[in-house]
Amino acid sequence: MHAHYGAGGDGGGSRRAAPPKGDAGLYFLGALHELVAIGLHRPALDALCAGQRDIAEPPIDRAYLIKILDEEISRQFGHPLRPLIELVLNAADAARAPQPLVDVAVIDGRVDVSDTGAGMGLRAILSRLLIPFATDKRPGIDLGRFGVGFFSVLGLGLSDPESFSLHLTTGDGIEGWAIRVVAWPSLGDAGGAPELAPDEPERARGRASPELTAALMCSVRRIAPLLGTRVRVTSSLLEAGAVRAYLRDALHFFPAGRALVLLDGAAVNDGRLISGGRLVEERIAAAPAAGADDPPAASGTRPAAASGSPPAAASGPRPAAASGSPAEEARARLAEGRDGALVARFHVGGRGLLPSISAATFHAGVKVEACLALAELALIDFPAAVELTEGRDALKVGPAFTAAATAFYRRLIQIAAESGEGRRARDRLAEMAAQISALMLQSAGWDEVALELAGALLGPGRCMVNPERREALLGFLGPSVADRLFVPESFWAEREWQPHLPGERELLEDELEFDPPETLAALTRRRGDLAGLPLLVARAVSPHTTMVTLCRGRPQAGGGASAAARRAPGALPSPGAPPRRPAGPLPCLGTRRLLLIRDDSAAVRWPAGWCDRYALRAAFDRASGVREADLERDLIVGEPVDGAACAALRPGERTSGGDP
């Protein structure tokens, strides 16, 4: 360890193992974990800040310290460039009003993040920046939460140590300091990387290991006084195009009221990367205290500014009124914290002007979970009361999370009501709501609001059916049931809606009357008046074991002359009774347990001509589970229906499928 004091220095840092003579600006040069040990040991910290040349060795277990630092440096985020976002969050916290700015400059192999806010002195650097979890961030006010942003950036050096460096310059207006961190191939060895034994895969380049963490070397220099902070990260892995695309995608929804983020001089979070849609703010009820009986519920809402103007600050607090000074904004946030209010932002509809911008959940305006499976643009910004996971790029489901999710679902209901859209648009909203619940919101709050959503978006009497069953049901029940079918487009929507909507079974029970189940052979013997049944027996592989149920449409409500006029041709007449719901063109339908046959179908009662006979043949084969390709092949190249032979066939005569 080396400690020096003085004034001046160029702030450039060095890889040299010992400080050169006369370099009065150099305060420290050595292993990074040794500097962290000084920050943890109060006497050593005071000595270094006082400029003492000789500092006693801090009595700290180095193996344990390196283990802790290694865990923080090597912690994996959901995206490899996520540590750069941590730098932007720290800069936004430090930025000052009236117009907070964070400037990000990107070139191949290098990223600079700068702000002109409150910088740091040497003591703050050693006791805050370099100590994991020793953060001075204010909950509900600052964006940073864990105090590990500096160490997460060091993780970029694990994949390519030779090209990595981190250079930080900061100052509080009174003094200035420069910190440089580089990764040596081997601690204390300026030569090449050591040979790795075959049985040491954990030390392979790009993998976390205590050896790599211990090889991080650090220099601390005094430089000319300045105000603000600039962090420069250098690595061969920072390809400029990929970095720019990721930063635009992750920061385009960042609240401009917190800080305007400039990427190579152009703002990325002023709304210009999104076209159309609607941006709204939701003030949701506070999460209930422990033991409270009332669950969180959505309260009043108000529309936010137009999408072209800077969005209001979210992440918990509502932006301060007119003046917008940091003190007033902080007081407004603290006041909201006392009354338990939470604020979330939603952008619904429209489209992203970049391919990567799609549906996503945000925390304090920073993307933590993306969803490329949704066609619609749906952006959800959670308040700061929603906690992050230990990995810091996923959200924990809890009362505040559920309250924001429920408010989003109800916002969809309000949008549908205000727009006056038709059934197709409302069905699409129901599809999108379920997809967002499954893919983005971890089903939080869905059970509580699903029935309300179904009533408002789908309407009464709707039944959910599988897309593969839609045509079969329409053919069997008739086109009149089309308005009752809700057909989800995705597996995720089907999964979310299934517990809350009636399905195919309920639809059939509501539309039809059923006889007791029996075998096809027994039914054919019992109902000799149905001339189409022998044709079905002829198609059955085993009519004595094929279970079927005879059914017919239920009586229509309010039947009269007009209803009788809509009766399907061949429907069973019932003098004095209300007309029944007409049959569709397909006389048979397969279900999981039984094969359904309509006795009010003209093809079943008395097949007339080859059309009815082909309908019986195709419908029965489909209902029996014949593959569509085999069915079509049989219809095209198989033996054609002999109209004369079929006309000559009478109920009670022997057929090729067995005794009727």
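Below is a short write-up of the structure. As a convention, each chain's residues are numbered from 1 in the sequence order in which they are written. Local features in this predicted model are restricted to residues of pLDDT 70 or higher, and side-chain atom pairs are both shown and tallied only at a pLDDT of 80 or more, whereas totals for entire chains, interfaces and linings draw on every residue. With hydrogens and water excluded, all non-hydrogen atoms of the structure serve as input to the side-chain values.

1. Digging into the pattern of salt bridges
Consideration 1: Definition used for salt bridges: Asp or Glu carboxyl oxygen within 4 Å of a side-chain nitrogen of Lys or Arg. Scanning all chains against the criterion turns up 37 salt bridges.
Consideration 2: With a closest N to O distance of 2.7 Å, arginine 272 and aspartate 270 form a salt bridge.
Consideration 3: Classification of aspartate 270 as buried rests on a relative accessible area of 16%.
Consideration 4: The salt bridge partner of aspartate 515 is arginine 552, with a shortest N-O separation of 3.0 Å. Of this pair, aspartate 515 sits in the loop between β21 (512–514) and β22 (518–519) while arginine 552 sits in strand β23 (residues 547–553), and the two are 37 residues apart along the sequence. Each member of the pair, aspartate 515 as well as arginine 552, is classed as buried. Between buried and exposed lies partly exposed: a residue is buried under 20% and exposed over 50% of the maximum accessible area for its type, with that area taken using a 1.4 Å probe on protein chains only. Only DSSP runs of H or I reaching four residues or more are called helices, and only runs of E reaching two or more are called strands; each is numbered from the N terminus.

2. Observations concerning the nonpolar core
Most often, soluble globular proteins have nonpolar side chains that are buried together.
Consideration 1: In this structure, Val104, Leu154, Leu166 and Leu247 are the most contacted members of the largest nonpolar core, which totals 76 residues.
Consideration 2: For this core, the element with the most residues is helix α4 (residues 82–94), which contributes seven residues.
Consideration 3: Not counting residues up to four positions away in its chain, the partners in contact with valine 104 are Val88, Val111, Asp112, Val113, Leu247, Val261, Leu262, Leu263 and Asp264. Residues enter a nonpolar core if they are buried and are Ala, Val, Leu, Ile, Met, Phe, Trp, Tyr or Cys, with the set joined through side-chain atoms within 4.5 Å. Any two residues whose heavy atoms approach within 4.5 Å at even a single point are treated as in contact.

3. Quick word on the layout of surface pockets
Consideration 1: Size it by volume and the second largest pocket reaches roughly 920 Å³.
Consideration 2: Here the element with the most residues in the lining of the second largest pocket is helix α15 (residues 504–511); it accounts for five residues. Cavities and pockets are found on a 1 Å grid laid over the protein atoms alone: a cavity is a set of points where a 1.4 Å probe fits but cannot escape, a pocket is an open set with protein on both sides within 12 Å along at least five of seven lines, and a lining residue has an atom within 4 Å of such a point. Grid points are joined across faces, edges and corners, and a volume is the space filled by probe spheres set on the points.

4. Structural notes on unusual backbone geometry
Consideration 1: Look at alanine 364: it is not a glycine, yet its phi comes out positive at around 55 degrees.
Consideration 2: Looking at where alanine 364 falls in the secondary structure, it is placed in the loop between β16 (359–363) and β17 (366–371).
Consideration 3: Positioned with a positive phi, glutamine 442 is a non-glycine residue whose angle comes to about 55 degrees.
Consideration 4: Relative to the assigned elements, glutamine 442 resides in the loop between α11 (423–439) and α12 (446–458).
Consideration 5: Residue class for glutamine 442 comes out partly exposed when judged on its relative accessible area of 40%.

5. Quick look at the packing of aromatic side chains
Consideration 1: We call Phe, Tyr and Trp rings a pair once their centres come within 6.5 Å, taking the six-membered ring for Trp, and we label the pair stacked below 30 degrees between planes, edge-to-face above 60, and tilted otherwise. Across all of its chains, the model carries 10 aromatic pairs by this definition.
Consideration 2: Residues phenylalanine 382 and phenylalanine 401 carry aromatic rings whose centres are separated by 4.6 Å and whose planes lie at 15 degrees to one another, so their mutual orientation is stacked. Here phenylalanine 382, found in strand β18 (residues 378–382), pairs with phenylalanine 401, found in helix α10 (residues 399–419); they are 19 residues apart in sequence, far enough to count as distant. The burial state of phenylalanine 382 is the same as that of phenylalanine 401; both residues are buried.
Consideration 3: Site record: aromatic cluster; members linked through ring pairs are Phe346, Phe408, Tyr409, Trp446, Phe486 and Trp497.
Consideration 4: Geometrically, a charge over a ring is one whose NZ (Lys) or CZ (Arg) sits within 6 Å of the ring centre while staying within 35 degrees of the ring normal. The ring of phenylalanine 476 carries the charged tip of arginine 598 above its face, separated from the ring centre by 5.6 Å.

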